[in-house]
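Observations on the three-dimensional arrangement
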Amino acid sequence: SAPLHIRVLGEKYTTDDYTNLSPSISSKLSKRLHAQKGHPISTLRTLIENHFPDFAHFSSLSPIVTPYQNFDSLSFPADHPGRAKTDSYYINRNTMLRTHTSAHEVEVFAKGTERWLLTADVYRRDEIDASHYPVFHQMEGAKIFGNDPSSIEQIEKETQRLERQLAASNIVTEDVQHISQTNPAQTSHNVRSSEVTAKNLKLCLNSLLYELFADVAGASEDDPLRVRWIEAYFPFTSPSYEVEVFFRGKWLEILGCGVVLQSTLDRAGVANKMGWAFGLGLERIAMILFSIPDIRLFWSEDPRFLSQFTHGKINTFKPYSKYPPSYRDISFWKPGRDMHDNDLYDVVRDVAGDLVEDVTIIDRFTHPKTQRDSLTARVVYRSFDRSLVNEEVNGLQDRVVSHLKEQLGVEIR
Ligand code: PHE
């Protein structure tokens with residue numbers, strides 16, 4: 001039966017029906033890749049921080065937050081799917097791992113900080129493959145200013161300066177209206193101030209993206225860096241946007257952003273201010289800039305990985321020989337309606353840690369008579385650091401099977 005208490009980052013917590021934090025996830029809480037000098041995640045953080053010289057930096061906030069911080073303080077509705085146990089890691093009902101760096105917006109704005117960047121590890125229950133990992137790193141950036149006419153005019157001047165600088169660069173942006181019927185200004189905002197804020201946000205981020213991507217994306221006279229702004233929705237910004245960069249023939253989603261919801265600023269005690277915020281995923285960008293092919297590599301402690309990088313510099317990662325993969329299939333009857341695919345992924349990750357490369361559900365069916373659901377999953381095991389022998393893979397798979405039976409109550413077919 002489940003323990004009544006668990007220890008997380010040295011603190012003791014009471015468990016309850018929400019507890020779903022697994023040991024393999026807990027073990028990541030103290031790693032702090034964004035603070036490891038020389039690590040690509042940390043280098044990328046430094047490059048972005050250097051791009052915003054007058055912004056304050058935060059990078060040591062605890063990953064353990066309340067659902068209030070992660071959701072309510074940002075006006076997420078009570079029934080938002082992100083709150084579900086299947087999507088987020090809970091220590092108990094009142095304590096969880098942050099799912100995004102926005103969880104800290106209210107506390108940072110409440111300090112009176114007007115321009116800031118915050119880097120942190122974030123946690124989401126997710127599928128397993130080369131670009132998905134349940135722990136990743138985000139950087140939140142925000143800028144707020146007085147909502148009075150003279151402060152807004154100041155921001156407009158700043159924006160014009162940025163516009164002139166970017167006019168000399170090889171960047172082509174596909175823009176979207178700052179404000180539209182489907183992406184409105186907030187009712188408490190003067191429409192013009194909201195437009196000025198949105199435009200400042202767009203130029204600040206275009207200039208960041210140009211600095212980060214112009215070289216790798218091969219921007220040249222006849223082949224400029226292409227950036228695309230699209231309408232988006234977040235519970236805590238309006239208007240909201242997503243930004244994509246064109247790279248190797250594809251549009252890649254890079255970040256989400258928008259004009260900060262006034263209720264967030266009210267909660268932080270700065271009701272007379274307005275401004276923007278963005279959140280970007282560091283692994284996504286680092287995989288492109290450093291040509292890192294698999295998200296698990298960021299967690300490698302192998303010198304063949306770490307020794308390739310120098311702090312503050314971008315270079316192309318040279319893959320070292322990969323060891324062969326081994327795969328095993330597993331078929332079972334689901335226990336009932338309440339088993340989510342993410343429960344399967346967590347069990348596999350708990351047993352195999354970073355030795356699991358991919359889990360794909362290759363078959364599903366419902367028995368016509370009993371209505372029971374069956375599922376077949378293919379688990380790919382591979383180590384970055386050594387060759388796995390058959391006995392070890394069999395041992396892992398046996399433990400996956402027994403954990404599935406014991407923890408989830410599945411019936412193996
Ligand atoms: N927190 C959002 C995410 O994780 C990104 C975001 C940050 C959007 C700030 C708007 C403003 O997807």
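Up top is the structure these notes are about.
Since the model is a prediction, treat every value here as computed from it, not as a measurement. (Residues numbered from 1 in each chain as written. Predicted model: local features only at pLDDT ≥ 70, side-chain atom pairs only at ≥ 80, totals over all residues. Heavy atoms only, no water.)

Section: the overall build of the protein chain
The secondary structure content of the protein chain amounts to eleven helices and 17 strands. The C-alpha atoms of the protein chain give a radius of gyration of 23 Å, which matches the 22 Å a tight globule of 413 residues would have. On the principal axes, the C-alpha backbone points of the protein chain span a range of 70 × 45 × 45 Å. Burial statistics for the protein chain: of 413 residues in total, 54% are counted as buried. Long-range contacts, defined here as pairs at least 24 residues apart, represent 69% of the contacts in the protein chain between residues at least 6 apart. Summed over all atoms, the accessible surface of the protein chain reaches about 18,700 Å², with 49% contributed by carbon and sulfur. Looking at the protein chain, you have 47 positive and 55 negative side-chain charges, and the mean spots of the two groups are 3 Å apart. (Helix = DSSP H or I, 4+ residues; strand = E, 2+ residues; numbered from the N terminus. Rg over C-alpha atoms; globule rule 2.2 N^0.38 Å. Buried < 20%, exposed > 50% of the residue type's maximum accessible area, 1.4 Å probe, protein only. Contact = heavy atoms within 4.5 Å. Areas by Shrake-Rupley, 256 points an atom, 1.4 Å probe, with all protein chains shown as cover. Lys, Arg positive; Asp, Glu negative; His and termini not counted. Charge placed at Lys NZ, Arg CZ, Asp CG, Glu CD.)

As for the pattern of salt bridges
According to the stated counting rule, one finds 26 salt bridges in the structure shown. Notably, a salt bridge pairs Arg115 with Glu158, separated by 3.1 Å at the nearest N-O pair. A residue pair is termed long-range when its members are at least 10 positions apart, and Arg115 in strand E7 (residues 115–123) and Glu158 in helix H5 (residues 149–167) qualify at 43 residues. Its relative accessible area of 16% is what places Glu158 among the buried residues. Close ionic contact of Glu392 with Arg386 constitutes a salt bridge, the shortest N to O distance being 3.0 Å. Here Arg386 falls in the partly exposed class, since its relative accessible area comes to 37%. Salt bridges sharing partners connect three or more residues here, namely Asp54, Arg115, Lys143 and Glu158. (Salt bridge = Lys/Arg side-chain N within 4 Å of Asp/Glu carboxyl O.)

Section: the sheet that holds strand E4 (residues 64–65)
Sheet strands pair by backbone hydrogen bonding; their relative direction is either parallel or antiparallel. A sheet is described by the order of its strands in space; here three strands give the open sequence E4-E6-E5, paired in antiparallel fashion. Bordering the open sheet on either side are E4 and strand E5 (90–92), each of which pairs with just one other strand. (Pairing = 2+ DSSP bridges.)

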